[in-house]
Structures are given as C-alpha cells and as structure tokens.
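So you can see what is in the structure, the chains are spelled out below.
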Amino acid sequence: MKNFIIAANWKLNGSINMISRFFEYLKFHSSIYLEKKTIIIAPPTIYLKEVNKNISNMNIFLGAQNVDINLKGSFTGETSVLMLQDIGVKYVIIGHSERRFLHNENNDTIARKFFLIKKENLIPILCVGETEKDKKYGRTKQVIQEQLNCILKKSKKLVFKNAIIAYEPVWAIGTGLSADPEYVQLIHKFIKNHIEKHDFMNINDIIVQYGGSVNCSNIKKFLEQPDINGFLIGNASLSPQEFLKIIKITHDII
C-alpha cells in the first residue's frame, strides 16, 4: 500500500458555526474511513485552535496555511513556526501559488520557511507548479526544478524526508479545470526522479500530492496513477459531504 495523504486547504473560508457542523458530520459518518489514511485540515490561522479542539479524538492532523520567516519580534500580523507548534500544528503549507503571486513570495523566501519548519520538527507541504504560460511554452519542468532546487542546493542529504510536495498547476487551481491524470503522473514521476537524484532518497519514500480542482467526480482517474500519493484539496474540502466522499473513494481504491 502506497503512502497516501489527503489535505484540506480551507483558504480564507470558515466560521465557528461551519467548523462545528463540519466535524459533527465527519464524526457521525466517517469513523472507519479515517483509519488508514493521513487526513490534514488547514483552516485559517484564527481557527486553528477551534479545529484542533474538534479533531482531538479523530485521526485527523492540524495544518497551517502559511508561516512567517521570523520566529518572534516586531512583525505585525505574522505567525511564527514556534506559535504553530505551540498550539498543535503538525503540517504547514508553503509556496502556494496564491502566496507566490498575491504576496510576492519568491523561491528564496519559501526555502527559508521550509528550513524553519523542518528545524522545529514540523512537516512542510511544499507547493510547486507552473502557470498556463509556462505550460504553453514548455517550461513546466524548468519551473518545478527551480522551485525544488532552491531547497536542494541549500541542504544536506535527505532534506525532503518528512516533507510533502504538492504539485499544483496554477492554471487548474480553483478553475474547475483539472489537469489530465496522465499528465499529472508524468510530472509527479519527474519530481520524484529529480529529488531521488539530488537528495539521495528512496523514491518510494517521496510523497507527492496533486492539487487543482480535485473533486469526487474526477478523483478515481487520479487514484489510478502510481505516483500520486494524495491530494491537496481546496473548494471541495469546504463541504463535509464532498470531502467525505473523496475520503471514501480513496479508502475503497488505495
């Protein structure tokens, strides 16, 4: 059985009421389906503690959507990795295209976050992926190499041990236009081969998720691909019914 991780990125969505209803539904319907998969919920920072309270007796882990490059100090509005660790966060999403393009985060900034997260023994979920223009002009592999190399070139061996890569083609995020599963398989294999070559990891230990308009209607085709180790899910994770359907389908196939 291959390693398989399902992560929910709620982005800028949620409320106390929504969280209560979400986990009430999961607790009532999902007991056996959560046992053999790693499930992560990444809510907005303000709701991390509320989600943590709700998952205390469930096989679900707490994730954060971002972290600052500083540990403490005069950085208004930011959250440090030490704070995330303090309230029970285990996984941290970094490098999401929305952070790269809307908040001007470059590869060097993302690499700094990656190493801070690893230093405090949390698990980074590093998002990589190409824009529509990159894909059109055949730059997909080049872009992803650059996004990985900013970490590989600054590290010792096995830096991607206890880390997750999330391949998210920018043109598929939130658009309803999911990438072709065979294309995703090709890119996942490329990512694993590149890391194996430069990080000297066993290729079977490299975890690469797919994210980009994943839902219960298209998920089966992705599950058939050997190098897809999970999903980073956006909109479909906001509905407990839809999210549980994805978990159930994965449970039945993997």
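Anything mentioned here points back to the structure above.
Residues numbered from 1 in each chain as written. Predicted model: local features only at pLDDT ≥ 70, side-chain atom pairs only at ≥ 80, totals over all residues. Heavy atoms only, no water.

Draft legend 1. The arrangement of the pattern of salt bridges in detail. Tallied over the entire structure, the rule returns seven salt bridges. Residues Arg99 and Glu105 are paired through a salt bridge, measuring 2.9 Å at the closest nitrogen-oxygen approach. The exposure class of Arg99 is partly exposed, given its relative accessible area of 22%. In this structure, Lys192 and Asp227 form a salt bridge, with 3.4 Å as the shortest nitrogen-oxygen distance. Of this pair, Lys192 sits in helix H8 (residues 181–199) while Asp227 sits in the loop between helix H9 (219–223) and strand S8 (230–233), and the two are 35 residues apart along the sequence. In the salt-bridge network here, residues are joined through shared partners; they are Arg99, Glu105 and Lys113. (Salt bridge = Lys/Arg side-chain N within 4 Å of Asp/Glu carboxyl O. Buried < 20%, exposed > 50% of the residue type's maximum accessible area, 1.4 Å probe, protein only. Helix = DSSP H or I, 4+ residues; strand = E, 2+ residues; numbered from the N terminus.)

Draft legend 2. Examining the nonpolar core more closely. Phe23, Leu148, Phe160, Ile191, Tyr210 and Phe231 are the most contacted members of the largest nonpolar core, which has 72 residues in total. Considering every element that reaches this core, the biggest residue donor is H8, with six residues. Setting aside chain neighbours within four positions, we find Phe160 in contact with Phe114, Leu126, Leu148, Ile151, Leu152, Ile165, Ile195, Asp199 and Met201. If you look at the next biggest cluster of nonpolar residues, it comprises 13 residues, including Ile123, Ile125, Cys127 and Leu232. (Core = buried A, V, L, I, M, F, W, Y, C linked by side-chain atoms within 4.5 Å. Contact = heavy atoms within 4.5 Å.)

Draft legend 3. Seen up close, the pairing of strand S3 (residues 60–64). Counting buried residues along S3, four of its five residues qualify, which places the element largely inside the surrounding structure. Examined bridge by bridge, strand S2 (residues 38–42) and S3 share three bridges and lie parallel to one another. For Ile39, the partnering residue across the bridge sits in S3 and is Ile60. As paired strands, S3 and strand S4 (residues 91–94) are joined by two bridges and run parallel to one another. Paired with Ala64 across the strands is Val92, a residue of S4. Read as a crossover between parallel neighbours, the route from S3 over helix H3 (residues 81–86) to S4 is right-handed. (Pairing = 2+ DSSP bridges. Right-handed = clockwise from strand over helix to strand, strands pointing away.)

Draft legend 4. Structural view of the environment of Met18. In this fold, Met18 is placed in helix H1 (residues 16–29). On the basis of relative accessibility, which here comes to 13%, the residue Met18 falls in the buried class. Between the C-alpha atom of Met18 and that of Leu238, which follows or precedes it by 220 residues, the distance is 8.9 Å. The contact partners of Met18, leaving out residues within four places of it in the chain, are Trp10 and Leu238.

Draft legend 5. Examining H1 more closely. Between its first and last C-alpha atoms H1 spans 20 Å; for 14 residues at 1.5 Å apiece the expected length is 20 Å, and the two agree. Buried residues along H1 sit in contact with S2, helix H2 (48–54), S3 and helix H10 (240–253). (Expected span 1.5 Å × (residues − 1).)

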